Amino acid sequence: MAKQSLGEKFADISEKTKSSQAWNSIFRPGSIFRKGYSDSPRNRSYVVMNSLIYHLHPVKVKRHAVKVSYTLCLGGLSFFLFILLTVTGIFLMFFYRPTAAQAWDDIYTLQTSVTFGLLVRNMHRWAAHLMVLSVFLHMARVFYHGAYKAPREFNWVIGVILLTLTLLLSFTGYLLPWDQLALWAVTVGTNMMGYTPVFGDQVRFVLLGGAEIGTDTLLRWYVLHVLMLPFVAVIFMAIHFWRVRKDGGISGPL
Amino acid sequence: MAEIPEHLLKRAQEAKARATTGGDSSPTEATASESKIPEELLNRTAAAGSQPSAVATKDASEEITSPQPPPASATGPAGHTQRLLAVVKSGSIQDVKLKPVDKVHVWPHLLVVEFVAALAVTAFCVVFSIFVNAPLLELANFNQTPNPSKAPWYFLGLQELLTMFHPMVAGVTIPGLALFLLILAPYIDKNPSNKPEDRKFAISLMTVHLMFWAVLVMIGSFFRGPGFNFIFPWADGLFFEL
């Protein structure tokens, strides 16, 4: 028997799979997709039109919008990292109590005796840094393409707000492990904000929930990190995505 | 004067020649013989319209033939009653058809790309998290200030500015102003073009600022040691935690 090429092998396997009983029982018309799915321009349109995707994408986009080298997927990846951070963050919330007496121990226990605890915490940390980076790069990409110009000016404003929210989300999360790194990084950061003219002390007091960093600060930043800032960010993201579509999709090529 | 294309000149000359030789043939006859309307229909129309429209056709033919002896003042050099002023191309006055845009279906073209990108990032995060652990130093201790104390990396540019300016300028004024100008960027930059060659100033300004910022962050991250003094990471070690 002649030696098969990789492509032929793949085609062979895919044909065998598709003719198998298991495949046909799952993908027979009316099983998962009630009317089956056949590839036609009409069905391609329906996939978008009849699903949640229609909130994010139109049925058709200009060809250049699909080119990865144009957008580098940065906006979409920022959003995806936000989702990834939400998922891993919810997992972490099950094992964490935001008090000065328990926070560090909870993280330590999470790392040492919770299944996948260490992995999920690592993922949360690295995805957070990655998100700050991707949001930054997304902003640079939009600037260099001149994509903030009319009619997209206001969406740029929302984008800058989202960038600020991303930094705040990352910064509030920085305190939560309640280790030396967290405590002193936040001390440096909040001392800086204390120099706000006129009402610097008040700003610092509101941020820290007291005159010094303590257990009240931890609770305050925890609520900001897991509830308030994500809530605000989601609202601004909704407006951002909506405006992307209303302002004519991804801006044209240079 | 606009140049008249050769084929139009030729056509005009042919028409002139035809007018001088066969001028007696009426124009209605010519159109009837040239048109592609079936004969039976033409016959029917002729039969139906013979009585009432006879006057009208007569009038029309009179109208057409009447200017044949034109007033001397209205004719051109060769007896023309009309002349070509300019040739206007069809698309130049109105554009009826929408220009076709090259578009592709979001499913599967865009969604597949997005899915693969998301998958790649997830894979990267998982693999990176398997091999590199997030830092967890010892329990927070108010009585022991680590040396150096550093902010998260994205604020290290600001912390670097602290070494040069008063804290109010470095911590509030400069970042506040930067954010404010960033928000106002589309309202300041009124240049409608998005081509790089048309916006050299905007691009160079942004690049200078981004580079400036990146350099500050890198100095703050890697070139600052105990006491936030300047060090070389290859000589004195790395004082940086993510």
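Residues numbered from 1 in each chain as written. Chains lettered and ligands numbered in written order. Predicted model: local features only at pLDDT ≥ 70, side-chain atom pairs only at ≥ 80, totals over all residues. Heavy atoms only, no water.

A short note on the packing of aromatic side chains
Turning to step 1, where the next piece is worked out: Counting across every chain of the model gives 21 aromatic pairs over all chains.
Turning to step 2, where the next piece is worked out: Measuring from centroid to centroid gives 5.5 Å for A:Tyr96 and A:Tyr222, while their planes differ by 35 degrees, and the two rings are tilted. Placement of A:Tyr96 in the loop between helix H6 (74–93) and helix H7 (103–113) and of A:Tyr222 in helix H12 (residues 215–246) is noted, with a sequence separation of 126 residues between them. For the pair shown, A:Tyr96 and A:Tyr222 are each scored as buried.
Turning to step 3, where the next piece is worked out: Judged by centre distance (5.2 Å) and plane angle (65 degrees), the ring pair of B:Phe222 and B:Phe240 falls under edge-to-face. Residue B:Phe222 is located in helix H9 (residues 200–222), and its partner B:Phe240 is located in the segment after helix H10 (233–236); the two are separated by 18 residues in the primary sequence.
Turning to step 4, where the next piece is worked out: Ring-pair connections join several aromatic residues into one group, and the members of that group are A:Phe171, A:Trp221, B:Trp153, B:Tyr154 and B:Phe155.
Turning to step 5, where the next piece is worked out: When the ring centre of A:Tyr174 is taken as origin, the NZ or CZ atom of A:Arg125, which lies over that ring, is 5.0 Å away. (Phe/Tyr/Trp six-rings, centres within 6.5 Å; stacked < 30°, edge-to-face > 60°. Helix = DSSP H or I, 4+ residues; strand = E, 2+ residues; numbered from the N terminus. Buried < 20%, exposed > 50% of the residue type's maximum accessible area, 1.4 Å probe, protein only. Lys NZ or Arg CZ within 6 Å of the ring centre and 35° of its normal.)

Considering the nonpolar core
Turning to step 1, where the next piece is worked out: Grouped together as the largest cluster of nonpolar side chains are 35 residues, with contacts concentrated most on A:Tyr96, A:Trp178, A:Leu218 and B:Tyr154.
Turning to step 2, where the next piece is worked out: Looking at this core, the elements with two or more residues in it are H7, helix H9 (153–175), helix H10 (180–193) and H12 of chain A together with helix H7 (156–162) and H9 of chain B.
Turning to step 3, where the next piece is worked out: By residue number, the principal contributor to this core is H10(A), which donates seven residues.
Turning to step 4, where the next piece is worked out: Not counting residues within four places of it along the chain, the set of residues in contact with A:Leu218 comprises A:Tyr96, A:Pro98, A:Thr99, A:Ala100, A:Ala103, A:Leu175, A:Leu176 and A:Trp178.
Turning to step 5, where the next piece is worked out: One finds A:Leu84, A:Val135, B:Cys125 and B:Leu182 within the second-largest nonpolar core, a separate group that totals 34 residues. (Core = buried A, V, L, I, M, F, W, Y, C linked by side-chain atoms within 4.5 Å. Contact = heavy atoms within 4.5 Å.)

Observations regarding the pattern of salt bridges
Oppositely charged side chains can pair when the atoms bearing their charge come close.
Turning to step 1, where the next piece is worked out: Under the defined criterion, the tally for this structure stands at seven salt bridges over all chains.
Turning to step 2, where the next piece is worked out: Here A:Arg63 makes a salt bridge to B:Asp102, at a shortest N to O gap of 2.7 Å. Here A:Arg63, found in helix H4 (residues 63–66), pairs with B:Asp102, found in the loop between helix H5 (90–93) and strand S1 (103–105), and the two come from separate chains.
Turning to step 3, where the next piece is worked out: On the accessibility criterion, A:Arg63 (45% relative accessible area) is partly exposed.
Turning to step 4, where the next piece is worked out: A salt bridge links A:Arg243 to A:Asp247, with the shortest nitrogen-to-oxygen separation between them at 3.2 Å. Exposure class is identical for A:Arg243 and A:Asp247. Each is buried. (Salt bridge = Lys/Arg side-chain N within 4 Å of Asp/Glu carboxyl O.)

Side note on a nonpolar patch on the surface
All names here are of chain A.
Turning to step 1, where the next piece is worked out: Judged by side-chain polarity, Trp 23, Ile 26, Phe 27, Ile 32, Phe 33 and Tyr 37 come together as a nonpolar surface patch covering roughly 580 Å² of accessible area.
Turning to step 2, where the next piece is worked out: Here Phe 27 lies in helix H2 (residues 21–27).
Turning to step 3, where the next piece is worked out: For Phe 27, a relative accessible area of 41% translates into the label partly exposed. (Patch = residues over 30% accessible without salt bridge, like charges linked within 9 Å, V, L, I, M, F, W, Y side chains within 5 Å. Areas by Shrake-Rupley, 256 points an atom, 1.4 Å probe, with all protein chains shown as cover.)

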